[in-house]
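Single-letter residue listing:
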Amino acid sequence: MSQFFSMTGTDLITDRLVLRPWAPAEVAAVLDGTRLPHWAGDFPAGGDLVIAGLFAEHPDWLGEYGHRQIVERDGGLVVGSIGLFWPPSDGDLEIGYGIVASRQGRGYATEATRALTEFARTAPGVGTVSAGVELSNPASVRVLEKAGFRRTHMDAEQHTARYQATPPAER
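S.K.: Would you mind showing me how to read the overall build of the protein chain here?
M.R.: Looking only at helices and strands, one finds four helices and nine strands in the protein chain. Reading the helices (α) and strands (β) of the protein chain from amino to carboxyl end gives β-β-β-α-α-β-β-β-α-β-α-β-β. Taken against the 2.2 N^0.38 rule, which gives 16 Å for 171 residues, the C-alpha radius of gyration of the protein chain at 15 Å falls within 12% of a compact globule. Principal-axis analysis of the C-alpha atoms gives the protein chain an extent of 40 × 40 × 30 Å.

S.K.: What am I meant to see in the sheet that holds strand E4 (residues 67-72) here?
M.R.: Two pairing modes exist for strands in a sheet, parallel and antiparallel, and in both the strands are linked by backbone hydrogen bonds. Across the sheet, which stays open at both edges, the nine strands sit in the order E1-E2-E3-E4-E5-E6-E7-E9-E8 with mixed pairing between neighbours. Only two strands of the sheet have a single neighbouring strand rather than two, namely strand E1 (6-8) and strand E8 (149-155). Strand-to-strand, the axes of this sheet are offset by a mean angle of 30°, without reference to chain direction. Along the sheet, helix H3 (residues 108-120) contacts E1, strand E2 (11-13), strand E3 (17-21), E4, strand E5 (78-84), strand E6 (92-99), strand E7 (128-134), E8 and strand E9 (160-165); its crossing angle with E6, the most-contacted strand, is approximately 155°. Of the strands in this sheet, E6, E7, E8 and E9 touch helix H4 (residues 138-146), which is tilted by about 160° from E7.

How each quantity is defined
- Residues numbered from 1 in each chain as written.
- Predicted model: local features only at pLDDT ≥ 70, side-chain atom pairs only at ≥ 80, totals over all residues.
- Heavy atoms only, no water.
- Helix = DSSP H or I, 4+ residues; strand = E, 2+ residues; numbered from the N terminus.
- Rg over C-alpha atoms; globule rule 2.2 N^0.38 Å.
- Pairing = 2+ DSSP bridges.
- Axes fitted to C-alpha atoms, helices over the stretch in contact; angles between N-to-C directions.
- Contact = heavy atoms within 4.5 Å.

Taken by themselves, the reported measurements are silent on function.
What follows is the structure in structure tokens.
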């Protein structure tokens with residue numbers, strides 16, 4: 001089985017990306033509106049602001065199996081974030097991601113989702129990795145499908161679906 005990432009310290013390295021844990025100074029900068037020079041011009045996006053605002057309530061999200069910034073290896077700019085909503089619930093660990101508008105359509109979300117899903121499977125107590133998605137966001141649905149997730153549940157009333165990562169042996 002080929003691996004979608006390698007590790008350097010706490011960073012996950014893919015072909016084009018580095019998934020790097022959030023530093024406290026970066027969380028503070030997002031929350032107070034400070035622009036850092038290593039951010040893409042449209043980072044942070046709305047989802048990044050929401051997640052950064054929840055770190056105080058969920059300190060485990062900043063741990064080894066938590067949230068990470070998505071950094072382009074070529075140029076070093078932060079272009080999004082991806083995270084695991086630690087700890088797992090009944091063996092299931094949820095993943096979420098977002099790429100800034102200026103970098104969408106390049107496959108970054110799929111590449112990052114594959115790598116973090118594979119890494120999540122090494123975590124204690126994790127049996128499955130899943131994601132929730134609004135069906136009105138077909139690009140996000142496609143990211144999950146390309147990353148090896150299958151739809152397991154649809155809520156027509158809420159117009160949402162749940163996806164679960166397919167175990168590597170079933171791909």
